[in-house]
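# Structural overview
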Amino acid sequence: MMMFCFQVILILTKLYDFHLGSVTESTLWRSTDYGSTYEKMNDKVGTKTVLSYLYVCPTNKRKIMVLTDPEFESSLLISSDEGASYQKYRLSFYILSLLFHPTREDWALAYSHDQKLYSSLDFGRKWLLVQERVTPSRFYWSVTGLDKEADLVHMEAHTPDGRVQYVTCRAQMCSEPNRNYPFLGYIDISSLVVQDDYMFIQVTTNGRASYYVSYQREPFIRIKLPKYSLPKDLHIVSTDENQVFAAVQEWNQNDTYNLYLSDTRGILFTLAMENVKTTRGLAGNQMLDLYEVAGIKGMLLANKRQENQVKTYITYNKGRDWRLLQAPAADLAGNDIHCVLPFCSLHLQLHTSENPYLSGAISTKTSAPGIIVATGNIGTELSYNNVGMFISSDAGNNWRQIFEEEHNVWFLDKGGALVAVKQPSVPTRHLWISFDEGRQWARHSFSLVPLFVDGVLVEAGTENQIMTFFGHFSHRSEWQLIKIDYKSIFNRLCSEEDYQTWHLHNQGEPCVMGQKQIYMKRRPGNYCMLGKDYAKILSAESCICRAHDFECDYGYERRGDGNCRPAFWFNPASVSRSCSQGQNYYNSTGYRKVVSNNCTKGVKDMYTARKQQCPNRAPKGLALTTREGVLTTSLGANVTFLVHLDEGDSMRTNIQLDFGDGTAVSYSNLSWTEDGIRHVYKTAGIFRVTALAENTLGYDSTTLFLHVTCPVENVQLLAPFVVIKNKEVNLTAVVWPSHSRTITFFWWLGNNTEPVITLEGSISYTFTSEGMNTVTVQVSSASSILQDSKTIAVQEFFKSLLLSFSPNLDEYNPDIGEWRQDVGRVIKKALLQVSEFPEEQLLVAVFPGVPTAAELFLLPQKNQSESRKKSEEELEKISEILVSALNQNLVEFELKPGARVIVYITQLTLAPLVDSSPRHSSSAMLMLLSVVFLGLAVFLIYKFKRKIPWINIYAEVNQEKEQEMIGSVGQNDSTPKITLSEFSTAKELMEKDLDARVKRGVGNAYESTREIPNCTSV
């Protein structure tokens, strides 16, 4: 790493250990005599200090910052005397990059390894945190003349939930109250660009990217590209001369980009060139094959792919017109080259070097206007084989070949001379110098041993003529530095007689960008020293405007006859909605003058937009969106609706917006809605939002459906523990908080590979095979998904008993699913001790709530060989044994030391021994009548339960529990299908829950009452 500070040269070298994979040593070198001698500075920075990078202040090159390697320590070394001495400051963070202020020499921004941005106003001695979670390389200092505060910082910051915002604040005052958000809404990561008069951001919604621009800090406006460009990627190429040059990769492009030029405000873009080639750099980044020629306004070179070939084109009017390059008439040996346009032309490699100390494939200089040196080839297309070096002295009109091999070429003496060295892949001892714009070259030796030239530092100061070559003799040798002072080859300073005039032209056309420009240049071959910039425009005379001074306006395309016609998607009769009756607007002719073109009169009036009176129009093209471009929002969040009108008088059009929740707003004109219309929904659901635009001539309306969601916190699957084979059973998912219409239920039933999807929280299903079946329900709401599962035993018949327990069990009942499962296993173990019933045929399900109750299931033996009747008799026999044991208080278990719990028999369940045949025994009929009378009794008790406080009512369905197992469903149950409308309301559920808890008695008064709220916001 090398830095020039006037006559001082600083070099930082590092030793990289390939075995360790890291830098182990560094050395800082300093020269005060243009590189003749170097002093080792390690004792000034610390002999054991490992350095990683050095920065020179761009506004005061005497000031230098050197960073230590964060693998060893986090410190900053500061010098104010061109690196002669240093002060060391410890840091609490690791600096990854620095950004100096463009005008204030002591101001700097530092970006840390943990994505924090710091600021210093005393050249790094003290640092203050500006913002956390900042995107790398997306922070900028203020722009002079545009931002009010010189210490304003523009940055791209991440919110805690991972979204990205554009934030501005002052460098040392960036607490939340002092932050500003120039763009209301979230933006795409790594999309913020602050450059000259413009600021750019990108917002992607529904997979499509939209781009916004702010011109001179005005509010952001959406960039308008041709309607169906549908960009996949967009890069800002330049913002020079009050215009934006953008490269856009459209939906049908892969390795090419289209070039677009904007109007002055950067809003309306028109096509300049299609299918510009890209080249992949060493770091994997895509580089556009586009080159802006230094010193000549509006002149560019581009490599265009057409019909599987790549050709080089040149423009002199910012992309309005392009043409191929005329190949040289003769080669280096003087032999004629028969290359006829358009079949044969000169093609140039346009990528610049990623190594700042090499010239790259093409080179120009502002102080040497008209001189272009580039690597290229002659033929039908661009090739990277059999290439040579070519030069143009008249801004690309005529070309000459100067070398048959690739060279790096640098401009010496402010462009008065050229020096060339072979590519670093080939070692060399020689360099070539030309004083006549490449017509003749003199060879000079600069090393006794061939050197691999890795880079050249040229022109350290304004009064010296020094070149410093650095490289290596072999791949294993140390660095070599060679200083060349070429001042001695000049015999005098240039005088007026050494200069001549040069007229810029385009194939003989003297008017370029609307001007006749005459430059002063040194006469080729004069061995005199310029010493300072000599290139200047001697005179610039405006030209009469002609057709080539105008490009197609937005919405227009150039046809084969050269005229601009409306694109198929563009309506030229449309008038901006800001145009109000009584006002005037400019109606496009389909053309606009190329930005920075200085032509006058001529056809200017013919092509310039015409001033017309705004017509009175009915509203048309009304569009309604949310600011984020999405159709969902969270309950209680602030939703901002944006209303857009393509046509109509915005000042005389009434806007009405119905939010769909019983509220609406009305505005007298569209200007009141420019910042958006905000609204907060207090309930979850799907809302029909309708916008209406109306004036005296008509109306237009549009609708969107907004999903207001509330995150699901819990889901409970209610399902029988045992069911009858081939009998329909009802499964219900209870969601907390309870809200409808915005939830989707996914039911995974048995071994099915695909779920059943419903919008209702219940489903009917028939199990067709015996055994244990797992049912899972997933609930999707907003961005959250929860699930609950149950295991259901499917049998042809079974026997079950209801169990109750001694009251002391309730004292230890936390009423959670895990506790019920553990207690169920303990109860099962106690029951097995009083019977010889197989363990796999006995199941126990503990119900939610208190008093604690459970159900005991007796299942027939799997793959039984005996008859059905015998199996039923066995179950009946086991049932009698268990009932006898329970009645004698023989079944008990110890929950904890000193806490023994007795299990009692409550009653037979409503699902006695049953099968799928139509016969009904007298006992079954009697049981059926018992069921009817029992149901009637339960109904009467519930109906009048408020008047009978001593009755203990058990709430079988507790909707707030999770992972529950509820009672069985027998074959004689005629359970109706439950629809969404048949569920109790939240208020009714809360009343039932409260009543059930009260009826459990005073002994349970310690329990807290929990609600099952609806998803609402007050």
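A few points on the structure.

Rules and cut-offs
Residues numbered from 1 in each chain as written. Predicted model: local features only at pLDDT ≥ 70, side-chain atom pairs only at ≥ 80, totals over all residues. Heavy atoms only, no water. Helix = DSSP H or I, 4+ residues; strand = E, 2+ residues; numbered from the N terminus. Buried < 20%, exposed > 50% of the residue type's maximum accessible area, 1.4 Å probe, protein only. Contact = heavy atoms within 4.5 Å. Areas by Shrake-Rupley, 256 points an atom, 1.4 Å probe, with all protein chains shown as cover. Pairing = 2+ DSSP bridges. Axes fitted to C-alpha atoms, helices over the stretch in contact; angles between N-to-C directions. Disulfide = S-S within 2.5 Å. Salt bridge = Lys/Arg side-chain N within 4 Å of Asp/Glu carboxyl O. Phe/Tyr/Trp six-rings, centres within 6.5 Å; stacked < 30°, edge-to-face > 60°. Expected span 1.5 Å × (residues − 1). Arc of directions from axis to C-beta. 1 Å grid on protein atoms, 1.4 Å probe; cavity = no way out; pocket = protein on both sides within 12 Å on 5 of 7 lines; lining within 4 Å. Points joined across faces, edges and corners; volume = space filled by probe spheres on them. Nonpolar A, V, L, I, M, F, W, Y, C, P; charged D, E, K, R; others polar.

### A few points about the overall build of the chain
Each helix and strand counted, the chain has six helices and 73 strands in total. Residues classed as buried in the chain amount to 48% of the 1018 residues present. At a minimum sequence separation of 6, the contacts of the chain that also span at least 24 residues come to 54%. Put simply, the chain shows about 49900 Å² of open surface, and 51% of that area lies on carbon and sulfur atoms.

### Regarding the pairing of strand β5 (residues 51-56)
For a regular strand, the rule is simple: side chains alternate between the two faces of the sheet. Taken across its six residues, β5 has five buried, putting it largely inside the fold. Sheet topology note: the β5/strand β6 (residues 64-68) ladder contains five bridges and is antiparallel. Looking across to β6, one finds that leucine 51 is bridged to threonine 68.

### Here's the deal with the sheet that holds strand β36 (residues 430-434)
Backbone hydrogen bonds are what pair the strands of a sheet, in a parallel or an antiparallel way. Strand order in this open sheet of four strands is β34-β35-β36-β37, and the pairing throughout is antiparallel. Edge positions in the sheet fall to β34 (407-412) and β37 (442-445), since each has one partner strand and no second. When the angles between neighbouring strand axes are averaged without regard to direction, this sheet yields 30°. In this sheet, β37 lies alongside β36 in antiparallel orientation, the contact comprising four bridges. In the sheet register, leucine 431 faces β37, and the bridge partner there is histidine 444.

### Digging into the state of the cysteines
All chains considered together, the criterion is met by six disulfides. Each disulfide pairs two cysteine sulfurs, and for cysteine 169 the partner residue is cysteine 174, the sulfurs being separated by 1.9 Å. Between cysteine 169 and cysteine 174, the disulfide has an S-S torsion of -90° and is therefore left-handed. Relative accessible area serves as the criterion here: at 8%, cysteine 174 is assigned to the buried category. Between cysteine 545 and cysteine 599 runs a disulfide, and the two sulfur atoms are separated by 2.1 Å. Torsion about the S-S bond of the cysteine 545 and cysteine 599 cystine: about 95°, corresponding to right-handed handedness. Pair noted here: cysteine 545 is in the loop between β46 (536-542) and β47 (550-552) and cysteine 599 is in the loop between β51 (591-593) and α2 (604-607), with a separation of 54 residues, a long-range link.

### Topic: the pattern of salt bridges
A side chain of one charge can pair with a side chain of the opposite charge when the charged atoms of the two come close. Per the counting criterion, the structure on display carries 33 salt bridges. Among the salt bridges present, the one from glutamate 218 reaches arginine 265, with a minimum N-O distance of 3.1 Å. You can see glutamate 218 sitting in the loop between β18 (208-215) and β19 (221-222) and its partner arginine 265 sitting in the loop between β22 (256-262) and β23 (269-280), a full 47 residues away along the chain. Taking the relative accessible area as the measure of exposure, glutamate 218 reaches 34% and is therefore partly exposed. In this structure, arginine 652 and aspartate 649 form a salt bridge, with 3.7 Å as the shortest nitrogen-oxygen distance.

### Some points on the packing of aromatic side chains
Applying the stated criterion across every chain, the model contains 32 aromatic pairs. The interplanar angle of 50° and the centroid separation of 5.8 Å between the aromatic rings of phenylalanine 470 and tryptophan 479 together place this pair among those described as tilted. Look at tryptophan 479 and you get exposed, because its relative accessible area is 52%. One aromatic cluster is present, built from ring pairs that chain together Tyr53, Tyr55, Phe100 and Phe123.

### With respect to helix α3 (residues 817-832)
Helical periodicity: at 3.6 residues per turn, an α-helix aligns residues three or four positions apart in one direction. If you check α3, its first and last C-alpha atoms are 23 Å apart, about what 16 residues at 1.5 Å a residue would give, namely 22 Å. In this structure, the buried side of α3 is in contact with β69 (799-805), β70 (842-846), β71 (853-858), α4 (868-887) and β72 (892-896).

### Here's the deal with the environment of alanine 302
Counting through the fold element by element, alanine 302 comes out in strand β26 (residues 300-306). With a relative accessible area of 0%, alanine 302 lands in the buried category. Put simply, alanine 302 and methionine 273 are 29 residues apart on the chain and 8.8 Å apart in space, counted from C-alpha to C-alpha. With near-sequence residues (within four places) excluded, alanine 302 lies in contact with Met273, Asp289, Leu290, Lys311, Thr312, Tyr313, Trp322 and Leu350.

### Notes on α4
An ideal rise of 1.5 Å per residue puts 28 Å on 20 residues; α4 measures up with 28 Å between its terminal C-alpha atoms. Those residues of α4 that fall on the buried side of the exposure criterion are Ser871, Glu872, Leu875, Ile878, Ser879, Leu882, Ala885 and Leu886. All buried residues of α4 fall inside an arc of 150° around its axis, so they share one side. Facing away from the buried side of α4 by over 90 degrees, the exposed positions are Lys869, Lys877, Glu880 and Asn887. Residue asparagine 889 follows α4 closely and has a positive phi angle near 60°.

### Notes on empty space enclosed by the protein
Enumeration according to the criterion identifies five cavities of 30 Å³ or more in this entry. Quantified by volume, the largest cavity comes out at close to 110 Å³. In terms of lining residues, the largest cavity is bounded by 14 residues, among which Ile371, Gly415, Gly416, Glu437 and Arg522 are the most central. Breaking the lining of the largest cavity down by element, the ones donating at least two residues are β35 (417-422) and β44 (515-522). Of the residues that constitute the lining of the largest cavity, the class distribution is six nonpolar, three polar and five charged. The calculated volume of the second largest cavity comes to roughly 60 Å³. Together, Leu67, Thr68, Pro70, Glu73, Ser74, Ser75, Leu91, Phe93, Tyr94 and Ile95 line the second largest cavity. Looking at the lining of the second largest cavity residue by residue, the class counts come to six nonpolar, three polar and one charged.

What is shown is where atoms sit, not what they do.
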